[in-house]
Amino acid sequence: MGKREFFYYKNTALELVKSRISYFNVFYNLKINKISVKNQKTRWGSCSKKGNLNFNYRVALLPPHLADYVIVHELCHLGEFNHSVNFWKLLSKTIPDYKKIKSQFKKIRIR
Ligand SMILES: [Zn+2]
């Protein structure tokens, strides 16, 4: 992928992530510090304890329900900084079929 193409997807992803986060955060009302989009090789997203959310620009290339899963997953880490039962409960409030979606992710590779 060339520089211009990457720049395009990066901005598309950032717009998508920001708009989906404002949508879901009406429900969660969590405190977000900064949202960034990066070229990550192995992860779809990550979250820091400072409230910074990072996303792979490739979320822009995912089907909408899978992109939403990645976005809500990182957002919920601002409420539960782990993968505890409570974390999955929080996530299931807006993505009730998350188990099905998780299994779909196993078939997708980041490349
Ligand atoms: Zn996680």
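Relevant structure appears above.
Fair warning: this is a prediction, and the values are worked out from it, not measured in the lab.

Asker: Account for the overall build of the protein chain, naming residues and giving values.
Answerer: The helix and strand inventory of the protein chain stands at 4 helices and 3 strands. For 111 residues, the compact-globule estimate of 2.2 N^0.38 gives 13 Å, and the C-alpha radius of gyration of the protein chain, at 13 Å, lies within 12% of that figure. When its C-alpha atoms are laid out on the principal axes, the protein chain stretches across 40 × 30 × 20 Å. Within the span of the protein chain, comprising 111 residues, buried residues form 41% of the whole. In the protein chain, once contacts between residues fewer than 6 apart in sequence are set aside, the share between residues at least 24 apart is 51%. Element-wise, carbon and sulfur atoms account for 53% of the exposed surface of the protein chain, whose accessible area totals about 7200 Å². Looking at the protein chain, you have 22 positive and 6 negative side-chain charges, and the mean spots of the two groups are 6 Å apart.

Asker: Tell me what's going on with helix H1 (residues 3-28), and back it up with residues and numbers.
Answerer: Residue pairs spaced three or four apart in an α-helix point in one direction, given the helix's 3.6 residues per turn. With 26 residues, H1 should cover 38 Å at 1.5 Å per step; its first-to-last C-alpha distance of 36 Å lies within 8% of that length. The set of residues buried in H1 consists of Ala13, Val17, Ile21, Phe24, Asn25 and Tyr28. Asparagine 29 occupies a position one or two residues after H1 and carries a positive phi of about 55°.

Asker: For the packing of helix H2 (residues 64-76) against helix H4 (residues 98-105), give the residues involved together with the corresponding values.
Answerer: Between H2 and H4, the least distance of the axes is 10 Å, while the angle of their chain directions is 105°. Relative to H4, the element H2 lies roughly perpendicular. Facing H2, whose interface residues are His65, Leu66, Tyr69 and Val70, H4 presents Tyr98, Ile101, Lys102, Gln104 and Phe105. Here the residues of the contact of H2 with H4 are counted per class, giving 6 nonpolar, 2 polar and 1 charged.

Asker: If you had to explain the layout of surface pockets to someone new, which residues and values would you point to?
Answerer: Of the voids in this model, the largest pocket is the one considered here, and its volume is about 470 Å³. For the lining of the largest pocket, the secondary structure elements donating two or more residues are strand S2 (45-47), H2 and H4. If one sorts the elements of the lining of the largest pocket by residue count, H2 sits on top with 4 residues. In terms of residue class, the lining of the largest pocket is built from 8 nonpolar, 7 polar and 4 charged.

Asker: Mind laying out the packing of H2 against helix H3 (residues 85-92), listing which residues take part and the relevant values?
Answerer: Here H2 crosses H3 at 130°, and the two axes come no closer than 10 Å. With respect to H3, the axis of H2 lies oblique. Crossing of H2 over H3 shows right-handed handedness. The segment H2 lies against H3, with Tyr69, Val72, His73 and Cys76 engaging Phe87, Trp88, Leu90 and Leu91.

Reading guide: rules and limits
- Residues numbered from 1 in each chain as written.
- Predicted model: local features only at pLDDT ≥ 70, side-chain atom pairs only at ≥ 80, totals over all residues.
- Heavy atoms only, no water.
- Helix = DSSP H or I, 4+ residues; strand = E, 2+ residues; numbered from the N terminus.
- Rg over C-alpha atoms; globule rule 2.2 N^0.38 Å.
- Buried < 20%, exposed > 50% of the residue type's maximum accessible area, 1.4 Å probe, protein only.
- Contact = heavy atoms within 4.5 Å.
- Areas by Shrake-Rupley, 256 points an atom, 1.4 Å probe, with all protein chains shown as cover.
- Lys, Arg positive; Asp, Glu negative; His and termini not counted.
- Charge placed at Lys NZ, Arg CZ, Asp CG, Glu CD.
- Expected span 1.5 Å × (residues − 1).
- Axes fitted to C-alpha atoms, helices over the stretch in contact; angles between N-to-C directions.
- Parallel < 35°, antiparallel > 145°, perpendicular 65-115°, else oblique.
- Nonpolar A, V, L, I, M, F, W, Y, C, P; charged D, E, K, R; others polar.
- 1 Å grid on protein atoms, 1.4 Å probe; cavity = no way out; pocket = protein on both sides within 12 Å on 5 of 7 lines; lining within 4 Å.
- Points joined across faces, edges and corners; volume = space filled by probe spheres on them.
- Left-handed = near helix turned anticlockwise from the far one by under 90°.

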